[in-house]
Amino acid sequence: MPRSEPIKAVRGVRDILPEERALWRVAERAAKHVAHRYGYRQIETPVIEHRELIERGVGEDADAASKELYRFEDRGGRHLALRPEATAGIVRAYFERGLNQGPQPKRLYLIGPMFRYDRPQKGRYRQFFQFDVEAIGAGSPALDAEVIEVARAWLFEVGLKELRLEINSIGDEKCRPAYLEELRTYYRPLKDKLHGDCQRRLEINPLRLLDCKVPQDQELKEGAPRITDHLCDECQAAWDLVRKLLDSAGIAYVHNPYLVRGLDYYTRTVFEFYPAAATGQQDALASGGRYDGLAEALGWPSKPGVGFAGGLDRVIDQMTSEGEEVIAEPAAEVLVLPDGDLAAEAAEVARIARQARAVAVDYEPRSLGKKMAAADKLGARWAILFDASEAQRRAARLRDMVSGEQAEVAWDELPDRLA
Ligand code: HAM
């Protein structure tokens, strides 16, 4: 193969550079901080899972499991996938690793990369990062309100306070079938007016007609029956309680009767957080809901669960567009600037100074003036300068890059002087 073209990154994925990592660190630290404050503990699950886990968990018709799934076969002929989301994997681990034993619910969180073969655009990446939070093993609607509060606390902590929270209930296996039949009955005479995907969904997954974004289908939605008018007693009680708890926590929300979510495992509460100024088209910053049927769909005993995932990429994009800046810490607080061909000596000086500070060496064969200018740009607090004759005496000049003050110091005194 001719080696003419330089190799670039795969479409839809991004590098996160050191200066950008500063903002990411803020968002990750806030996630961990908030999760711990609410009693959630960190879990890691593999990036690869059996394809079936995703297909049975997320739902074969869901975009994340059909069009968008990164699937592959390994050398052993196993059908695997890169996880498009974390919930199915965490529920698997919950049973497989015995977290279903002992006091419930288990409160868990995960921060890591997810993969979806989505059409790349701002806010939509093929590798993206989620802060995922799950409370598994208890069915109280108070947990629905709790995870909503966790999501909001995280967004608040990273400085995103102008938010719109949308909620809905999509019922459960008791009341939903009858509602879906009503929905089909409503849409069947209108089928020809729907666009292709929705025509297909009408019989297999009519709930998805409600969150269709295609303009021609919008008007039809308005007359559609609303699921919150068709809840069974248990779902109604849960729906009432979740809203009451949000009210008493002072969490503002709007009821969006068309909010159904793109993954098939949800029951009852579903929710999404958007920037307040967002148009309807902008993607959610964080979203989730209850999934009481997921464990069984994966072949495990029935267990209730509720959670959400926040998109770190989108949250960081939003922080940036709201003007949040974090000054990236300099890579090193101290730079060693040897004047001449003194690599071994410079390495030794750095080793000594490193007992007290983060230290890097400028080994480049350029003039001291250029090295000083570079040190300034790098934001180092101190520079250690020496030439061959100073090296012989094991001495150097320690320069304060802020005040410009400079004094001779013996190498071995550097840790004390820098402490
Ligand atoms: P989701 O709505 O598919 O839900 O994704 C959650 C969040 O991940 C979204 O609100 C968004 O911020 C981010 N996200 C999704 N796709 C992309 C993408 N292509 N690029 C960048 N960010 C993206 C779930 O994944 C569920 N597992 C959430 C959940 C947890 N439900 C219950 N527990």
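The structure under discussion appears in the preceding block.
Each residue is numbered by its place in its chain's sequence as written, counting from 1. At least 70 in pLDDT is required for a residue's local features to be given in this predicted model, at least 80 for side-chain atom pairs to be given and counted, and no such filter applies to totals for whole chains, interfaces and linings, which use all residues. Where side-chain values are given, they derive from all heavy atoms of the structure, hydrogens and water being excluded.

Asker: What is the right way to look at the packing of aromatic side chains in this model?
Answerer: Each pair of aromatic rings is reported with the distance of its centres and the angle of its planes. Pairing of aromatic rings covers Phe, Tyr and the six-membered ring of Trp, with a centre-to-centre limit of 6.5 Å; geometry is then stacked below 30 degrees between planes, edge-to-face above 60, and tilted otherwise. If you walk through the whole model with that rule in mind, you get twelve aromatic pairs. Between F95 and W300, the ring centres sit 5.3 Å apart and the planes meet at 5 degrees, which makes this aromatic pair stacked. Linking F95 in helix 3 (residues 87-96) with W300 in the loop between helix 9 (294-297) and strand 11 (305-311), this pair joins segments that are 205 residues apart in sequence. For F95, a relative accessible area of 6% corresponds to the buried category. When accessible area is computed with a 1.4 Å probe and restricted to protein chains, residues below 20% of their type maximum are described as buried, those above 50% as exposed, and intermediate ones as partly exposed. Classification of W300 by relative accessible area gives partly exposed; the value is 29%. With a centroid separation of 6.3 Å and an interplanar angle of 80 degrees, the aromatic rings of F271 and F273 are classed as edge-to-face. Like F271, the residue F273 is buried in the burial classification. Among the aromatic side chains, those forming a connected cluster through ring pairs are Y109, F131, W154 and F308. The lysine or arginine in question, R126, covers the ring of Y117, its NZ or CZ lying 3.8 Å from the ring centre. The numbering of helices and of strands both runs from the N terminus, where a helix is a DSSP run of H or I of at least 4 residues and a strand a run of E of at least 2. We count a charge as sitting over a ring when the NZ of a lysine or the CZ of an arginine lies within 6 Å of the ring centre and within 35 degrees of the ring normal.

Asker: What is the right way to read the pairing of strand 7 (residues 163-169) from this model?
Answerer: Side-chain positions along a regular strand alternate between the two faces of the sheet. Buried residues dominate strand 7, accounting for six of its seven residues. As defined by bridge partners, strand 7 adjoins strand 9 (residues 267-275) across seven bridges and the pair is classed as antiparallel. The residue bridging S169 from the neighbouring strand is T269, located in strand 9. Here a strand pair is declared whenever DSSP counts at least two bridges between the two strands. With two bridges connecting them, strand 7 and strand 8 (residues 254-255) associate as parallel partners. Each bridged residue has a counterpart across the sheet, and for E166 the counterpart in strand 8 is V254.

Asker: Is there a simple way to think about the pairing of strand 4 (residues 79-82) in this case?
Answerer: Two strands pair when backbone bridges link them, and strand 2 (residues 48-50) and strand 4 are joined in this way by three bridges, in the antiparallel orientation. Bridge pairing in strand 4 links E49 to A81. Bridge analysis of strand 3 (residues 71-73) against strand 4 gives three bridges, and the strand direction is antiparallel. Bridged to R71 within strand 4 is A81. In sequence, strand 3 turns back onto strand 4 through a hairpin of five residues, with G77 there showing a positive phi of about 75 degrees.

Asker: Mind showing me how you'd approach the pattern of salt bridges here?
Answerer: Opposite charge on two side chains lets them pair, provided their charged atoms get close. When a carboxyl oxygen of Asp or Glu is within 4 Å of a side-chain nitrogen of Lys or Arg, the pair counts as a salt bridge. Summed over all chains, the structure comprises 35 salt bridges. Linking D313 and R14 is a salt bridge whose minimum nitrogen-to-oxygen distance equals 2.6 Å. Of this pair, D313 sits in helix 10 (residues 312-321) while R14 sits in the segment before helix 1 (18-37), and the two are 299 residues apart along the sequence. When its relative accessible area of 36% is taken as the criterion, R14 is described as partly exposed. Among the ionic pairs, E272 bridges to R261, the shortest N-O distance being 2.9 Å. Remark: R261 occurs in the loop between strand 8 and strand 9 and E272 occurs in strand 9; sequence separation between them is eleven residues. Residues E272 and R261 agree in their burial class; the two are buried. Residues participating in the shared-partner salt-bridge network are R14, K122, D313 and D317.

Asker: Sorry, what's going on with the packing of helix 1 against helix 10 here?
Answerer: The description of two packed helices rests on the angle between their axes and on the distance between the axes. Lines fitted to C-alpha atoms define the axes, with helix axes restricted to the stretch in contact, and inter-axis angles between N-to-C directions lie between 0 and 180 degrees. Across the interface, helix 1 lies against helix 10 with an axial gap of 10 Å and an inter-helix angle of 120 degrees. Here helix 1 lies oblique to helix 10, going by the angle between them. In the crossing of helix 1 with helix 10, the sense of the turn from one axis to the other is right-handed. Along the contact surface, helix 1 presents L23, W24, V26, A27 and E28, while helix 10 presents L312, D313, I316, M319 and T320. For this classification, under 35 degrees means roughly parallel, over 145 means roughly antiparallel, 65 to 115 means roughly perpendicular, and everything else is oblique. Each crossing gets its hand from how the near helix is turned against the far one by less than a right angle, where anticlockwise is left-handed and clockwise is right-handed. Only heavy atoms matter for contacts: two residues are in contact if any of them lie within 4.5 Å across the pair.

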